[in-house]
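A look at the structure
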Amino acid sequence: MAVERTLSMIKPDAVAKNVIGEIYSRFEKAGLRIVASKMVQLSAEDAGKFYAVHKERPFYKDLCDFMCSGPIMAQVLEGENAIAKNREVMGATNPKEAAAGTIRADFADSIDANAVHGSDAAETAAQEIAFFFNAFELCDRP
Ligand code: RTP
Ligand code: MG
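Read on for a plain summary of the structure. (Residues numbered from 1 in each chain as written. Chains lettered and ligands numbered in written order. Predicted model: local features only at pLDDT ≥ 70, side-chain atom pairs only at ≥ 80, totals over all residues. Heavy atoms only, no water.)

1. Looking at the overall build of the protein
The secondary structure content of the protein amounts to seven helices and four strands. Listed N to C, the secondary structure of the protein is β-α-α-β-α-α-β-α-α-β-α in terms of helices and strands. Expressed as lengths along the three principal axes of its C-alpha atoms, the size of the protein is roughly 40 × 35 × 25 Å. Once local pairs closer than 6 in sequence are excluded, the contacts in the protein between residues at least 24 apart make up 78%. Each charge class in the protein was averaged separately, 16 positive and 21 negative side chains, and the resulting centres sit 2 Å apart. (Helix = DSSP H or I, 4+ residues; strand = E, 2+ residues; numbered from the N terminus. Contact = heavy atoms within 4.5 Å. Lys, Arg positive; Asp, Glu negative; His and termini not counted. Charge placed at Lys NZ, Arg CZ, Asp CG, Glu CD.)

2. Observations concerning the layout of surface pockets
Of the volumes computed, that of the largest pocket is approximately 700 Å³. Counting only elements with at least two residues in the lining of the largest pocket, the list comes to helix H3 (44–50), helix H5 (82–90), strand E4 (116–118) and helix H7 (122–132). By residue number, the principal contributor to the lining of the largest pocket is H7, which donates four residues. Taken together, the residues that form the lining of the largest pocket break down as ten nonpolar, eight polar and eight charged. (1 Å grid on protein atoms, 1.4 Å probe; cavity = no way out; pocket = protein on both sides within 12 Å on 5 of 7 lines; lining within 4 Å. Points joined across faces, edges and corners; volume = space filled by probe spheres on them. Nonpolar A, V, L, I, M, F, W, Y, C, P; charged D, E, K, R; others polar.)

3. Section: H5
Of all the residues in H5, the buried ones are Ala82, Ile83, Asn86, Val89 and Met90. Buried positions in H5, seen along its axis, are confined to an arc of 130 degrees and lie on one side of it. Two residues or fewer after H5 comes Gly91, characterised by a positive phi angle close to 90 degrees. (Buried < 20%, exposed > 50% of the residue type's maximum accessible area, 1.4 Å probe, protein only. Arc of directions from axis to C-beta.)

4. A few points about the packing of aromatic side chains
Applying the stated criterion to the full structure yields six aromatic pairs. On the numbers, 6.1 Å between centres and 45 degrees between planes, the contact of Tyr24 with Phe27 is tilted. Pair noted here: Tyr24 and Phe27 are both in helix H2 (residues 20–29), with a separation of three residues, about one helical turn. By the burial criterion, Tyr24 is buried, and Phe27 matches it. The interplanar angle of 50 degrees and the centroid separation of 5.7 Å between the aromatic rings of Phe50 and Phe132 together place this pair among those described as tilted. Of the two residues, Phe50 is situated in helix H3 and Phe132 in helix H7; the sequence distance between them amounts to 82 residues. (Phe/Tyr/Trp six-rings, centres within 6.5 Å; stacked < 30°, edge-to-face > 60°.)

5. Some remarks on the pattern of salt bridges
Considering all chains together, one arrives at seven salt bridges under this definition. Between Asp106 and Arg26 there is a salt bridge, with its nearest N and O atoms 2.9 Å apart. Note that Asp106 is positioned in helix H6 (residues 103–107) and Arg26 in helix H2, a separation of 80 residues in sequence. Taking relative accessible area as the criterion, Arg26 reaches 23% and is therefore assigned partly exposed. (Salt bridge = Lys/Arg side-chain N within 4 Å of Asp/Glu carboxyl O.)

Okay, here's the thing in structure tokens:
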């Protein structure tokens, strides 16, 4: 298995619930290491660019409005198989379908306010990491 990096966001609903630490703990318990982290208030333009891949989808506008409704935490997670592992820890997009013990099962309210984002493939992970972080902000850590 290869060591990968993936882009994770804690969405405005979970930041408002004050569960950043609990969610970080889930990542760490799964063997994922945080190698970059920042709190960001996205503008409508930022959210539109980040989610451009969903531009034609019916939920695009609501998703962009939601993602700039309050601050988010952006972090880069590193570990073996990090992209798939993070999505496993997150649980299904719709919290009603998320497995017990996953972040979305425990902290998400709806398919829109679903607590976290995680990159879905190596190519999108690289693009999404570069969206938030420059080379100086990504650390090699033990
Ligand atoms: P994410 O990108 O946030 O990690 O979530 P995901 O891969 O599980 O889901 P994706 O298909 O990429 O959709 C991005 C976000 O859009 C919202 N969504 N709403 N109403 C709907 O049918 C619907 N479908 C997706 C969700 O908040 C999802 O996380
Ligand atoms: Mg996605």
